[in-house]
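The residues making up each chain are set out below.
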Amino acid sequence: MQKYILVLLILNILTSNMYAKKDKKKASTTLSINYPVTKKIDYKDNYFGTEIVDEYQWLENDTSAETEHWVDEQNKITDAYLDKIPYRNQLKERYQQLYNYEKISNTFFAGDYILYKKNGGLQNQAIIYIQKGTNENPEIFIDPNSIDKAGLTSYDIAGISNNNQYIAMSINKAGSDWSSIEIYDINTKQKLNDEIDWVKFTGASWYKNGFFYSRYPEPEKGKELSNINQYHCIYYHTIGTAQSEDKLIFKDEKEPLSFNSISVSEDEKYLFRYRSIGTYGNEVYWKKADDLTSDFKPLFTGFKNEYAVITVKDGLFYVYTDEGASNKQLIAVNPEQNEPSKWKKIIPEQKDALLENIEVSSGKLFAVYLQNACNKLFVYNIDGTNKKEIALPGSGNIEFFGSSETNQLVAYSYNSFNYPNSIFIYNSTTGYSNLFLKPTLQFNPEDYESKQVWYKSKDNTKVSMFIVHKKGIELNGKNPTYLYAYGGFNINMTPFFSASTILLLENGAVFAMPNLRGGGEYGDKWHKAGMLFNKQNVFDDFIAAAEYLIKEKYTSKNKLAISGGSNGGLLVGATITQRPDICKVAFPAVGVLDMLKYHKFTIGWGWIPEYGSSEQSKEMFEYLKGYSPLHNLKIGTNYPATLITTGDHDDRVVPAHSFKFAAKLQEYSSKINPALIRIEKNAGHGKGKPTSKIVEEIADKWSFFFWNVGIKSLQKK
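Residues numbered from 1 in each chain as written. Predicted model: local features only at pLDDT ≥ 70, side-chain atom pairs only at ≥ 80, totals over all residues. Heavy atoms only, no water.

Honestly, the pattern of salt bridges in this entry has me stumped. Any pointers?
This model, assessed by the stated rule, comprises 35 salt bridges. Among the salt bridges present, the one from Glu696 reaches Lys92, with a minimum N-O distance of 3.9 Å. Of this pair, Glu696 sits in helix 12 (residues 691-708) while Lys92 sits in helix 3 (residues 88-99), and the two are 604 residues apart along the sequence. Accessibility expressed as a relative area gives 33% for Glu696, which makes it partly exposed. The class for Lys92 is partly exposed, based on a relative accessible area of 29%. Arg517 is the partner of Asp541 in a salt bridge, and the nearest nitrogen-oxygen pair spans 2.8 Å. (Salt bridge = Lys/Arg side-chain N within 4 Å of Asp/Glu carboxyl O. Helix = DSSP H or I, 4+ residues; strand = E, 2+ residues; numbered from the N terminus. Buried < 20%, exposed > 50% of the residue type's maximum accessible area, 1.4 Å probe, protein only.)

The structure is reproduced here in structure tokens:
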């Protein structure tokens, strides 16, 4: 058996060289690759009597010396390939220029203070600034770059105390989802001695002289980034005490694979405990806050819908939900009489627009709607009357940050394909918004145009898609085109600003982003049409988007790249295994590529409501196996030029997905096109990635893209 495997490996190496040399005569863009030899082991899993071979299972041990050596060898091959592309450094230098603008986000109010995150341009991590009012000069509150010279540590605001004295900071290192929490005094900017470790998927919900947070038990040493996460427990921390003294509030003994958290009403009279077993659907329990020892009472149970209590008024809970409203609504609920027939509709469902978010600030209701995948912002009286639209700069994407229920100022951000993320502050007294922070760009966004089109999928469902390109571009089927999508988890793909997209556009490329089923752009029905046994709809929508771009002569198969990350990485993997002929280049990033085992790592179990599990039924196993990218590669297939990207600290979609897929793709591919993997060291799923790593990764991706669609040189900018 070992001899047979050795012969196959030798043949793979020989045919790799043979195909590279043979194809070199046909296309000058081909670069020869000698792939590292990846060993195979005799490993099988059994699902309902079916044995599944997993010869690269050993790569799941991402911390072993053997795996780390494999990573280094793969990176050497990838870097050697990219280094031969003549304009790699040119793209890197140009992207540094484009990326060197202020990036502003996450605005919070603490009494008279405004806090926000801003990266001045090329700093590795954004700095948290603080200023009094809108006209005072800002000061640095926390500079992660001075704390961690390597630029691997990011800070985010987890929660501000109701008396505006303290702020809880969430700290992530090397891109991991694991966080720690530190406490700072807002007035003195001094860090307290409190520090909380092994935190995941939580904020800090302040109550009296402390806060509630959620954490996992300390993981097994060496398995921090891969072992399954169980027992997401709720604790209460009192300021000035050690974490060992924190009070355990809730531990789900019956269901260790669940997410649990607590929110506190702003008047601190009520506590709300949330419980979910996946990324969609949750339960809500409540009680009065003056007795921590009493039991929580059920408000909403079952996981068929989503609920969020946004405020309490006159004993009524204002609940944002999709129960009975696919496009969501705001209702007022008496907790003691919670029958649907007794709900009061404060903001009813709209049939033509999704109520994407709703917040209470400055005594008003602020509602963010999504209509045709673009946002609109409205303000209401607290009872849902007197609706007024807040004018935005154009059709784009907003994030509402809010404030306290008594502060007259609230903040929101706006951006679109050609408008950088900017912060606006709305004054509830005057009813007007003013621009607070907007970056200066080193290019003219007016050189580009965007449009929204509609196309038909395989089953004739109409799907919307944004297309962006230089003004005056010729539709001759020769434009390099980058098709990017997600299609899952109720996530909305809306217009967004990105300097990396500008780098594509100024070099003559087209950017396209469809709103696939599985997303939430058109309500809960749209989401459900792309989950579980409907997942194939997502791939069909994506393939139809590619076919539309080709038919309308934006591009051709030999000029098209497809891309997506995480669930979008699954999308790309499934697409190239089902339709390897649809494109020339593929970028599966941090992808869920092993659909039979994804739920066995870290918090993968939380995706079962979206995907289903290979262990829950034979029917679901067969369905997942039918599209799982890892299990549908076919020997000798001419797959697109593929650059897989992942991070060795990704503890959300563990890198084993990408490792195993890369090894098998290198083995099974016809070797006409490259099959490479780029593994970022000290990086995770994307969160907190330093600017230096972002610049290098984008330069590498765009080099790979342009080179493999046949572009030999780029014009200097």
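Next comes the rest of the account.
Please clarify how the sheet that holds strand 3 (residues 103-110) should be interpreted in this entry.
Pairing between the strands of a sheet comes from backbone hydrogen bonds, and it takes one of two forms, parallel or antiparallel. One open sheet accounts for four strands, arranged 3-4-5-6; its pairing is antiparallel. Only two strands of the sheet have a single partner each, and these edge strands are strand 3 and strand 6 (139-142). Direction aside, the axes of adjacent strands within the sheet are offset by 30 degrees on average. Bridging between strand 4 (residues 113-119) and strand 5 (residues 127-132) involves six bridges; their strand directions are antiparallel. Its bridge partner lying in strand 5, Lys117 is registered against Ile128. (Pairing = 2+ DSSP bridges. Axes fitted to C-alpha atoms, helices over the stretch in contact; angles between N-to-C directions.)

Which parts of the structure should I look at to understand the packing of aromatic side chains?
The geometry of an aromatic ring pair comes down to the distance between the two centres and the angle between the two planes. Enumeration over the complete set of coordinates arrives at 56 aromatic pairs. Ring pairing ties together the aromatic residues Tyr81, Phe417, Phe466, Tyr482, Tyr484, Phe496, Phe511, Phe587, Trp702, Phe704, Phe705 and Phe706, which thus form one cluster. The side chain of Arg273 reaches across the aromatic face of Phe296, ending 5.3 Å from its centre. (Phe/Tyr/Trp six-rings, centres within 6.5 Å; stacked < 30°, edge-to-face > 60°. Lys NZ or Arg CZ within 6 Å of the ring centre and 35° of its normal.)

In this structure, what is going on with the environment of His237? I would like to understand it.
Topologically, His237 is positioned in strand 13 (residues 233-238). Residue class for His237 comes out buried when judged on its relative accessible area of 0%. Measuring from C-alpha to C-alpha, the distance between His237 and Tyr95 comes to 44 Å, with 142 residues separating the pair along the chain. Sequence-distant contacts of His237, that is, excluding residues within four places in its chain, are made with Asp194, Ile196, Asn209, Gly210, Phe211, Tyr213, Ala242 and Asp246. Of the polar contacts made by the side chain of His237, one reaches the side chain of Asp194; its length is 2.7 Å. (Contact = heavy atoms within 4.5 Å. Polar contact = N/O pair within 3.5 Å; in protein donor to acceptor, adjacent residues only side chain to side chain.)

Can you walk me through the pairing of strand 37 (residues 641-647) in this structure?
Both faces of the sheet carry side chains from a regular strand, because those side chains alternate between them. With seven of seven residues buried, strand 37 is to be regarded as a mostly interior element. Alternating residues of strand 37 divide into Ala641, Leu643, Thr645 and Gly647 and Thr642, Ile644 and Thr646, and every residue in both groups is buried. Across three bridges, strand 36 (residues 585-589) lies against strand 37 in parallel orientation. Bridge assignment links Val585 to a residue of strand 37, and that residue is Ala641. Of the strand pairs in this sheet, strand 37 and strand 38 (residues 675-680) are connected by six bridges, and their pairing is parallel. Pairing of Thr646 across the sheet is with Ile679, part of strand 38.

Teacher, can you tell me more about the sheet that holds strand 33 (residues 481-484) here?
Taken together, the eight strands give an open sheet; going across it, the order is 31-32-34-33-35-36-37-38, and neighbouring strands pair in mixed fashion. Here the strands that pair on one side only, and so sit at the sheet edges, are strand 31 (448-456) and strand 38. Recorded for the sheet is a direction-independent mean angle of 20 degrees between the axes of neighbouring strands. As judged from the four bridges shared by strand 33 and strand 35 (residues 560-565), these two strands associate in the parallel manner. Looking at the pairing, Thr481 lines up with Leu560 of strand 35. Seen against the sheet, helix 7 (residues 536-551) touches strand 31, strand 32 (462-470), strand 33, strand 34 (510-514) and strand 35 and runs at an angle of roughly 120 degrees to strand 31. The sheet strands contacting helix 11 (residues 656-668) are strand 37 and strand 38, and the helix crosses strand 37 at an angle near 160 degrees.

Can you walk me through the side chain of Asp148 in this structure?
As for its placement among the helices and strands, Asp148 is situated in the loop between helix 4 (144-147) and strand 7 (153-160). At 7.1 Å, Lys173 is the nearest oppositely charged side chain to Asp148, a buried residue that forms no salt bridge. A polar side-chain atom of Asp148 sits 3.1 Å from the main-chain amide nitrogen of Leu152. For Asp148, the side chain forms a polar contact with the side chain of Thr153, separated by 2.7 Å. (Lys, Arg positive; Asp, Glu negative; His and termini not counted.)

Explain helix 10 (residues 618-627) to me, please; I cannot follow it from the model alone.
Note on helix geometry: an α-helix contains 3.6 residues per turn, so any two residues three or four positions apart are oriented the same way. Along helix 10, the residues that are buried comprise Met620, Phe621, Leu624 and Tyr627. One side of helix 10 holds all its buried residues, which, seen down the axis, span an arc of 145 degrees. Each element contacted by the buried residues of helix 10 is listed here: strand 1 (44-47), strand 2 (50-53), helix 7, helix 8 (567-578) and helix 9 (608-611). (Arc of directions from axis to C-beta.)

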